[in-house]
Amino acid sequence: MKAIGLKVARPVTDAALFEQTEIETPTPAGHDILVRVKGVAVNPVDFKVRKGKADDGNFKVLGWDAAGVVEAVGENVTLFKAGDEVWYAGDVTRPGSNSELQLVDERIVALKPKSLDFATAAAFPLTSITAWEAMFDRMNIDRTNVEGNKGKSILIINGAGGVGSIAIQLAKLAGLEVVATASRPETISWVTKMGADHVINHRKPLKEQLEGAGFATVDYVLCTSQTDDYWDVMCDLVAPQGRIASITEASDLHNVDLLKAKSASFSYEFMFTRSMFQTPDMIEQHKLLAEVAAMVDAGEIQVTATENYGSLSPESLRKAHELLESGKAIGKITFEGLGA
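Residues numbered from 1 in each chain as written. Predicted model: local features only at pLDDT ≥ 70, side-chain atom pairs only at ≥ 80, totals over all residues. Heavy atoms only, no water.

This brings us to the overall build of the protein. Per the secondary structure count, the protein includes 11 helices and 15 strands. Against the compact-globule benchmark of 20 Å for 340 residues, the protein has a radius of gyration of 20 Å, which places it among compact chains. Along the three orthogonal principal directions, the C-alpha set of the protein runs to about 55 × 45 × 35 Å. The buried share among the 340 residues of the protein stands at 54%. At a minimum sequence separation of 6, the contacts of the protein that also span at least 24 residues come to 71%. When the accessible surface of the protein is totalled, it reaches about 14,000 Å², and 50% of it is carbon and sulfur. Taking the 34 positively charged and 46 negatively charged side chains of the protein as two groups, their mean positions are separated by 2 Å. (Helix = DSSP H or I, 4+ residues; strand = E, 2+ residues; numbered from the N terminus. Rg over C-alpha atoms; globule rule 2.2 N^0.38 Å. Buried < 20%, exposed > 50% of the residue type's maximum accessible area, 1.4 Å probe, protein only. Contact = heavy atoms within 4.5 Å. Areas by Shrake-Rupley, 256 points an atom, 1.4 Å probe, with all protein chains shown as cover. Lys, Arg positive; Asp, Glu negative; His and termini not counted. Charge placed at Lys NZ, Arg CZ, Asp CG, Glu CD.)

Across the interface, helix α3 (residues 125–138) lies against helix α5 (residues 162–173) with an axial gap of 8 Å and an inter-helix angle of 55°. For the element pair α3 / α5, the angle class is oblique. Where α3 crosses over α5, the two elements pack in a sense that is right-handed. Residue-level contacts link T127, S128, T130, A131, W132, M135 and F136 of α3 to G162, V163, I166, A167, L170 and A171 of α5. When its residues are assigned to classes, the contact of α3 with α5 shows 9 nonpolar, 4 polar and no charged. (Axes fitted to C-alpha atoms, helices over the stretch in contact; angles between N-to-C directions. Parallel < 35°, antiparallel > 145°, perpendicular 65-115°, else oblique. Left-handed = near helix turned anticlockwise from the far one by under 90°. Nonpolar A, V, L, I, M, F, W, Y, C, P; charged D, E, K, R; others polar.)

With that settled, consider the pattern of salt bridges. Scanning the entire structure with this criterion turns up 25 salt bridges. Across the pair E325 and K51 runs a salt bridge whose closest N-O atoms are separated by 3.2 Å. Of this pair, E325 sits in helix α11 (residues 314–326) while K51 sits in helix α1 (residues 44–51); the two residues are 274 residues apart in sequence, bridging distant segments of the chain. For K51, a relative accessible area of 51% corresponds to the exposed category. In this structure, R138 engages E133 in a salt bridge whose closest nitrogen and oxygen atoms are separated by 3.6 Å. (Salt bridge = Lys/Arg side-chain N within 4 Å of Asp/Glu carboxyl O.)

Mapping T127 onto the fold places it in helix α3. On the basis of relative accessible area, T127 is assigned to the buried category, the value being 1%. A polar contact of 3.4 Å, which involves the side chain of T127, links it to the backbone oxygen of A123. Sequence-distant contacts of T127, that is, excluding residues within four places in its chain, are made with N43, G162, V163, I166 and K332. (Polar contact = N/O pair within 3.5 Å; in protein donor to acceptor, adjacent residues only side chain to side chain.)

Further remarks concern the packing of α1 against α11. Axis separation between α1 and α11 bottoms out at 9 Å; the angle between their running directions is 100°. Considering the angle they form, α1 stands roughly perpendicular to α11. Facing α1, whose interface residues are P44, D46, F47, R50 and K51, α11 presents H321, L324 and E325. Class assignment for the residues of the contact of α1 with α11 results in 3 nonpolar, 1 polar and 4 charged.

Below you can see the structure in the form of structure tokens.
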């Protein structure tokens, strides 16, 4: 089967960054399903893994957002059959979706929304899982208690990114008042379109702007930008007994005692935890993706795909990585998959 990947980590400006080649077609066993990939999307995790690629001569296939059609299933599969149209983010420890066919564990897969084409659907899985787990699992927001959540607030740092775009919408559906950060006219417009109640500029001091919007503190903070840049201000802005979650690793050491007097909590969210460690609750990703699909089909969640780069190729993939690394991407970038 065809696959696009790399053997050596090169700068994103290098035209030879990615190559297309033929690799062996895998065979599903156990809980794995074999999916013909018809739509893919890119995420920051792609360029982070790319940059950390060992110079070992092995061919690395990236891509952890996909939609496609099931071709075959392992002997223990009960959730899907050949012909089913599915979506998923996959497992970062396994080959990615930039290939014609991909193996993925059924427990982290769901039927894709019927209302979306494959490329548009591929924009959702990783960001939906990340935003959902960060808010509803890590920060323990009760998404079913909409009335009870009214009057509670969440600050979403970098609201125009892929995770921020879906987090704003899920937070609004849960009844929260949403403050999102954005700094450019186009990103301000985007987060407003996604449903943010208030927009503040993350390039300026947040505390004064938050107070100007009527908030002394917020009940929840979701950081989708650099934890190092916002640690102190997040601890300052979170309410007593509030909760903070971040999706980005810290490079510096930070003072967790800033949270002690408030009895506030901090959690990391890494959506690959369940698949990496084969946790007993892996099936929760199947369940949440199924719920998000239903929300999309019901018109409750807006599409977050903003650019379709057409057919997946070494050059189109390189250009997408270049835009992601610039920090100027809004929403999600999608492609037609190699198996389309």
